[in-house]
Each structure stands twice: as structure tokens, then as C-alpha cells.
Amino acid sequence: MITLAVFFIFLFMGLPILITLLIGTLVFLHQTDLSMLTGSLPLQLYGSLEKSGLLAIPLFMMVGELMNRGGLTDRLISLASLMVGRLNGGLAYVNLLTNAITSSILGSALAQIAVMSRVMIPAMEKKGFKRDFSSAVTVSGGLLGPIIPPSMIMIIYGVIAFQPVGALFMAGIIPGILIIFGFAIIIFLTGLFCGFPREGQADVPKQISPSEILKDLVPLSIPMIIISGIAAGVMTPTEAGAIGALLALLIGKLIYKSITWSEMPDVLFRVALNAAMITGLIASATMFGWALSFQEVPDRVVELINGLTDSPLMFLLLINLLIIVLGMFLESMSILIVMVPILLPAALAMGIDPIHFGIVISLATLVGLVTPPLGPGLFLVMATTDISMSALFKAMLPFLLVMFLCMALINALPFLSLWLPSAVGLM
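On a predicted model such as this, the values are computed, not experimentally measured, just so you know. (Residues numbered from 1 in each chain as written. Predicted model: local features only at pLDDT ≥ 70, side-chain atom pairs only at ≥ 80, totals over all residues. Heavy atoms only, no water.)

(A) Spatial organisation of the overall build of the protein chain. Each helix and strand counted, the protein chain has 22 helices and zero strands in total. Of the accessible surface of the protein chain, which amounts to about 18500 Å², a share of 70% is contributed by carbon and sulfur atoms. (Helix = DSSP H or I, 4+ residues; strand = E, 2+ residues; numbered from the N terminus. Areas by Shrake-Rupley, 256 points an atom, 1.4 Å probe, with all protein chains shown as cover.)

(B) Main features of the packing of helix α4 (residues 56-69) against helix α9 (residues 152-161). Two elements in contact, α4 and α9, have axes whose closest approach is 10 Å; the angle formed by their N-to-C orientations is 175°. Judged on the interaxial angle alone, α9 and α4 are roughly antiparallel. Counting all contacts with α4, which are made through Ala56, Ile57, Phe60 and Met61, the residues of α9 involved are Met152, Ile155 and Ile156. (Axes fitted to C-alpha atoms, helices over the stretch in contact; angles between N-to-C directions. Parallel < 35°, antiparallel > 145°, perpendicular 65-115°, else oblique. Contact = heavy atoms within 4.5 Å.)

(C) The arrangement of the side chain of Ser284 in detail. Considering the arrangement of structural elements, one finds Ser284 in helix α15 (residues 264-293). Owing to a relative accessible area of 1%, Ser284 belongs among the buried residues under this scheme. If sequence neighbours within four positions are ignored, Ser284 has contacts with Leu18, Leu21, Leu22 and Leu45. (Buried < 20%, exposed > 50% of the residue type's maximum accessible area, 1.4 Å probe, protein only.)

(D) Representation of the pattern of salt bridges. Per the counting criterion, the structure on display carries one salt bridge. A salt bridge links Glu125 to Arg131; the nearest nitrogen and oxygen atoms lie 2.8 Å apart. Among the residues examined, Glu125 registers a relative accessible area of 29% and is labelled partly exposed. (Salt bridge = Lys/Arg side-chain N within 4 Å of Asp/Glu carboxyl O.)

(E) Structural view of the packing of aromatic side chains. Evaluated as defined, the whole model comprises four aromatic pairs. A centroid spacing of 5.6 Å and a plane angle of 75° characterise the contact between Phe183 and Phe399, whose relative ring orientation is edge-to-face. Residue Phe183 is found in helix α11 (residues 173-193), and its partner Phe399 is found in helix α21 (residues 389-412); the two are separated by 216 residues along the sequence. For the pair Phe315 and Phe357, a centre-to-centre distance of 6.5 Å together with 20° between the ring planes defines the contact as stacked. Taken together, the residues Phe315 in helix α17 (residues 312-327) and Phe357 in helix α19 (residues 354-369) connect sequence positions 42 residues apart. Assessed through its relative accessible area of 0%, Phe315 is described here as buried. Residue class for Phe357 comes out buried when judged on its relative accessible area of 0%. (Phe/Tyr/Trp six-rings, centres within 6.5 Å; stacked < 30°, edge-to-face > 60°.)

(F) Local environment of the side chain of His356. With respect to the helices and strands, His356 occurs in helix α19. Reaching out from His356, the side chain makes a polar contact with the side chain of Ser417 at a distance of 2.8 Å. (Polar contact = N/O pair within 3.5 Å; in protein donor to acceptor, adjacent residues only side chain to side chain.)

(G) Looking closely at helix α8 (residues 131-142). For α8, which comprises twelve residues, the first-to-last C-alpha distance of 17 Å matches the rise-based estimate of 16 Å (1.5 Å per residue) to within 8%. Most of α8 sits inside the fold, with ten of its twelve residues counted as buried. (Expected span 1.5 Å × (residues − 1).)

(H) Quick peek at a nonpolar patch on the surface. A surface patch of nonpolar side chains, amounting to about 550 Å² of accessible area, comprises Leu304, Leu308, Leu313, Met314, Leu317 and Leu318. Contributing elements (two or more residues each) for the nonpolar patch: α16 (297-308) and α17. Looking at the nonpolar patch, the element that brings in the most residues is α17, giving four residues. Residue position: Met314 is located in helix α17. Taking the relative accessible area as the measure of exposure, Met314 reaches 41% and is therefore partly exposed. (Patch = residues over 30% accessible without salt bridge, like charges linked within 9 Å, V, L, I, M, F, W, Y side chains within 5 Å.)

(I) Region of the structure containing the packing of helix α20 (residues 376-385) against α21. The geometry of α20 relative to α21 is characterised by a closest axis approach of 10 Å and an angle of 120° between their N-to-C directions. Between α20 and α21, the angle falls in the class oblique. The handedness of the crossing between α20 and α21 is right-handed. For the pair α20 and α21, the contacting residues are Leu378, Phe379, Val381 and Met382 in the first and Met389, Leu392 and Met396 in the second. Per-class residue counts for the contact of α20 with α21 are seven nonpolar, no polar and no charged. (Left-handed = near helix turned anticlockwise from the far one by under 90°. Nonpolar A, V, L, I, M, F, W, Y, C, P; charged D, E, K, R; others polar.)

(J) Layout of the nonpolar core. Grouped together as the largest cluster of nonpolar side chains are 139 residues, with contacts concentrated most on Ile156, Phe315 and Phe357. In terms of residue count, the dominant contributor to this core is α15 (13 residues). (Core = buried A, V, L, I, M, F, W, Y, C linked by side-chain atoms within 4.5 Å.)

(K) Region of the structure containing the environment of Ile251. Topologically, Ile251 is positioned in helix α14 (residues 237-255). Among residues more than four places away in sequence, those in contact with Ile251 are Val218, Ser221, Ile222, Tyr256 and Lys257.

(L) Representation of the environment of Val139 within the structure. Considering the arrangement of structural elements, one finds Val139 in helix α8. The exposure class of Val139 is buried, given its relative accessible area of 0%. Residues Val139 and Met396, spaced 257 residues apart in sequence, show a C-alpha to C-alpha distance of 8.1 Å. The residues contacting Val139, other than those within four sequence positions of it, are Ile113, Val370, Gly377, Val381 and Met396.

(M) Representation of the environment of Asn68. Note that Asn68 resides in helix α4. Among the residues examined, Asn68 registers a relative accessible area of 33% and is labelled partly exposed. Spatially, the C-alpha atom of Asn68 lies 8.3 Å from that of Val115, the residues being 47 residues apart in sequence.

Here's what the structure looks like:
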């Protein structure tokens with residue numbers, strides 16, 4: 001309890017979670033008379049980063065950074081407009097579809113929300129859509145980022161839980177498609193009952209040259225090559241990240257001609273900074289979990305949960321509730337890094353497949369991004385559009401309801417996440 005109190009006190013004081021975890025580890029060791037282990041902490045920090053799978057993190061970050069600078073968003077909006085832009089309220093569907101496609105490249109919900117809120121919300125408002133609805137569609141679409149592969153959260157879960165990243169990528173496809181269809185139904189029902197503006201369709205040119213269509217399709221080659229390469233066993237996730245980064249550079253430099261060599265130092269600096277932050281979190285969380293194992297804390301968590309329920313479904317629902325509450329205050333990757341080493345043994349003891357558990361807990365972390373009081377996804381859009389949190393959250397409620405329904409289905413029906421990786425031979 002003392003460790004827990006110290007952890008949250010320093011967290012709410014504004015200290016980085018990396019430092020908070022390090023302090024929490026030291027307090028725990030001192031409190032439990034394990035101070036003699038303090039000398040082993042540097043070895044644990046270093047050892048936690050001696051994993052080749054961690055190389056995939058900066059490589060996939062590089063893919064997202066290069067494609068973002070290479071005119072990715074405009075090309076994908078143009079492609080989505082060709083596909084669904086002529087529907088009633090077409091621009092809302094374009095927003096959702098662009099988010100779905102972009103998510104397979106950026107792989108980060110916050111990065112995606114930040115990019116799309118600057119582009120799609122003003123475009124939808126210009127066509128007569130209400131600001132709260134435009135913002136809600138954009139934020140909801142951003143939640144697809146960590147689920148549709150390739151996904152940064154899946155890579156981190158795979159490294160922490162010692163699970164194959166390729167299987168996790170495949171496992172996210174069907175849940176991602178399910179959520180996309182759910183959000184599309186909300187857009188359709190909104191248009192049916194509330195009506196869309198007359199000019200709500202996207203601007204789609206009557207005649208488009210084949211070369212322009214081909215240019216719009218080029219960004220899709222990156223996730224397709226990554227996913228098919230991993231599924232076929234031709235490349236590991238780390239190799240796929242390297243190939244994806246090379247393709248992103250060639251597309252941005254040679255095809256779109258929107259990346260200059262002078263930008264590369266800044267790109268590399270941003271990737272290095274973000275990768276250092278995430279790997280630092282992984283190292284400190286691994287060290288914290290190592291310290292907890294000496295007092296058999298994970299085993300005690302298993303015993304506690306077994307005392308509450310012996311149903312795997314009820315266990316998953318309780319985990320969802322816990323992660324959603326934590327997500328109101330902590331960043332999703334931090335929750336994943338801290339909680340997976342504690343909760344995974346309990347899930348395995350319940351007979352839950354670790355791949356399925358990875359999808360469940362990843363989905364739960366997303367809800368916290370858009371839940372008050374500290375939902376960072378909400379604040380990103382509020383800063384861009386000058387909308388109040390109450391108005392934005394109210395417009396988000398139908399999308400959150402669909403999200404919860406999809407999560408309940410995925411919790412109750414493991415085959416939704418396990419069928420595809422099993423079908424392609426990754427399990």
C-alpha cells in the first residue's frame with residue numbers, strides 16, 4: 001500500500017512515469033526488506049532492453065513519421081473520397097475510412113487524431129457538418145490506430161508478454177473491421193434520424209486519370225507488404241519495419257517528392273526521442289515487475305481474482321473495467337507496460353489465450369484516450385477546434401457505445417481475434 005501511495009503521489013505531482021516507476025521500485029524493495037537487491041537493478045534495466053524485438057519500435061515509428069511528412073494524409077483522403085465520397089454524408093465516411101487506412105501506417109491513436117483533426121474537421125465544417133459531430137467522427141476513427149496492424153501497442157505487448165508480434169498483428173484485423181462497421185452504422189443512423197447537410201458529399205472529380213489513382217493507391221503498398229510478409233513467414237516484424245521504413249522514404253522522396261534530405265535529421269531525432277521514451281518505460285516497468293515477483297505479487301493477484309470469479313469472461317470484463325479507469329489518468333502504453341506483467345499470469349491461469357488477452361487489453365486502453373477527465377485524445381481535438389469537453393464527449397457517446405458493444409463481443413467470442421492468426425499458421 002505504501003508503494004502504491006508513493007506511486008500515485010509522484011504521478012499526480014507530474015513526474016514522468018519512468019521516474020515514478022523507478023522510485024516505486026526502490027520504495028517497494030526498502031519496504032519489503034529486499035534492499036540487498038538494489039545493486040542488481042542496473043543489470044535488470046539493461047537486460048530488459050536486450051531483446052531484438054524492441055528494434056521494431058523505432059522502425060515502425062520511422063514508417064509513420066516518413067509517411068506523415070510525405071503527403072500521406074492528402075493522398076489517402078483522395079482515395080477514400082473516390083470510394084465513399086458520393087454517399088449521403090460522404091465526407092463523414094471519408095473521415096472514417098481515411099482513419100482506417102491511415103491507422104495501418106501510423107499505428108498510434110494520438111498521432112492519428114492530431115493529424116486528422118487538423119485536416120478533416122475544418123473540411124467537414126465547411127460542408128455544413130456540426131463541429132461536435134465532425135470532432136466525434138475524427139476522434140472515434142483515431143481509436144482504430146492501435147488495433148489495425150501494424151500497431152505499436154501490439155509490438156510492445158508482444159515484447160512484454162513474449163508473444164509473436166505477427167500473430168498479434170493478424171489478431172487485430174477482424175476486431176478492427178468490426179469496429180469500423182460499427183462506427184459506419186452510427187454515421188448512417190445519424191444521417192437517417194438527424195439528417196446530413198445537402199453539401200455533405202466529398203468533392204470528387206468527375207474525371208480522374210489512372211496515374212492519379214495509382215499515386216493515391218501507393219501508400220497502401222506499405223501495410224500490405226508488411227502484413228503479407230509477416231503472414232507468409234518471409235520476414236520478421238523487425239525486418240518488416242525496416243522494409244516499411246525504406247519504402248516510406250522511397251515513396252516520399254521519389255514518387256511524391258515531398259521529403260527532402262534536409263528533413264531527415266529532424267525525422268531521426270523525433271524517432272530516437274520517442275523510441276527512447278518507450279524503451280525507457282519498458283525497462284523501468286520490467287524492473288518493477290521483477291521486484292514484485294520476489295514477493296509473489298502476480299501470484300497474489302491470481303489468488304485474489306480467483307476468489308472473485310472463476311469465469312474467464314467475467315475476469316476479462318473486470319480487467320476491462322480496471323484498464324478503462326486507469327486510462328482516465330494514464331497514457332495507454334504506460335498502462336500496458338505496467339499492468340501486463342501483473343495481469344497476464346492471472347489470464348493464463350484462467351485458461352485465456354495470451355493473443356486474445358493482448359487484443360482485449362489493447363482495446364481497453366484505447367477507451368481511456370477519449371474518456372474524461374484526462375482523455376488526451378479529447379484534449380487534442382479541443383485544442384484544434386475550440387470545442388468544449390462536454391459537447392465533444394456528448395457527441396462521442398454513440399461511438400463509445402458501439403466500442404463497448406464490440407469489446408463485449410470480442411471478449412465473449414475469442415475466435416474473432418484468434419481465427420485469422422491460426423488460419424495463416426502463426427499460432
